[in-house]
Amino acid sequence: MGYGDRTLVGIGGWLAFFVIVLAVFTPLATMMNIAQLSQAESAAVFGDKLSSVMAFEIVLGLINVLGAWFLVWRLVKVESWQTVRIVIAGIWILGVGLALIELLLLVLVGGIGADIVVYGGALAVIRPAIFATIWTTYFLRSERVANTYLRDADPEELDQVFG
């Protein structure tokens, strides 16, 4: 349900910042991570498995970028509360979910020991979890979000008001 004063509405403020982060900075960061993997020290770590690791990193990167762009499209084009739900689920899946899948694939495909991946990969999961927690809180508490993406009327509430 939106606020009575609908001066904060539309893509602006922190919501615009979030859209820019997803639309621009997420693809850039993804490309930089893949580029770093193609450097010489990666060949030393993964050896002959580097091409397999690169392949799954590229696939995960594409999923991340396309998912982020879908969330941006949804935020810009579909102003309903369902969009907020999809975006919240999306940032958790794209952030924490893909990070966990990546760590699992490093163990299974990359041949890295699970103990090393768990120790070194903790930050790879914690960082997106913090990002998702902050933005989930924003989406659930923001006046702009509430005014832009109106909740659907609950039929039981309408019966109480008009019944």
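Summarised in this report is the structure supplied together with it. (Residues numbered from 1 in each chain as written. Predicted model: local features only at pLDDT ≥ 70, side-chain atom pairs only at ≥ 80, totals over all residues. Heavy atoms only, no water.)

Some words on the nonpolar core
Okay, step 1: Of all hydrophobic cores here, the largest spans 36 residues; its most connected members are Phe18, Leu75, Phe139 and Val145.
Okay, step 2: Elements with a contribution of two residues or more to this core: α1 (13-37), α3 (50-77), α4 (81-108) and α5 (114-141).
Okay, step 3: Ranked by residue count, the leading element in this core is α4, at 11 residues.
Okay, step 4: Not counting residues up to four positions away in its chain, the partners in contact with phenylalanine 18 are Leu75, Val87, Ile91, Phe131, Trp135 and Phe139. (Core = buried A, V, L, I, M, F, W, Y, C linked by side-chain atoms within 4.5 Å. Buried < 20%, exposed > 50% of the residue type's maximum accessible area, 1.4 Å probe, protein only. Helix = DSSP H or I, 4+ residues; strand = E, 2+ residues; numbered from the N terminus. Contact = heavy atoms within 4.5 Å.)

Digging into the layout of surface pockets
Okay, step 1: Of the volumes computed, that of the largest pocket is approximately 1,400 Å³.
Okay, step 2: Counting residues per element, the ones that place at least two in the lining of the largest pocket are α1, α2 (40-46), α3, α4 and α5.
Okay, step 3: Per-element accounting of the lining of the largest pocket gives the leading share, 11 residues, to α1.
Okay, step 4: Counted by class, the lining of the largest pocket contains 26 nonpolar, 10 polar and 4 charged residues. (1 Å grid on protein atoms, 1.4 Å probe; cavity = no way out; pocket = protein on both sides within 12 Å on 5 of 7 lines; lining within 4 Å. Points joined across faces, edges and corners; volume = space filled by probe spheres on them. Nonpolar A, V, L, I, M, F, W, Y, C, P; charged D, E, K, R; others polar.)

What about the packing of aromatic side chains?
Okay, step 1: Inspection of every chain in the model, using the stated rule, returns 9 aromatic pairs.
Okay, step 2: Between the aromatic rings of tryptophan 135 and tyrosine 138, the centroid separation amounts to 5.3 Å while the plane-to-plane angle is 80°, which identifies the pairing as edge-to-face. Here tryptophan 135 and its partner tyrosine 138 are both found in helix α5, 3 residues apart, which amounts to about one turn of the helix.
Okay, step 3: Feature note: the residues Trp14, Phe17, Phe18, Phe131, Trp135, Tyr138 and Phe139 constitute an aromatic cluster, connected by ring pairs.
Okay, step 4: Over the ring of tryptophan 81 we find arginine 151, and its NZ or CZ is 3.9 Å from the ring centre. (Phe/Tyr/Trp six-rings, centres within 6.5 Å; stacked < 30°, edge-to-face > 60°. Lys NZ or Arg CZ within 6 Å of the ring centre and 35° of its normal.)

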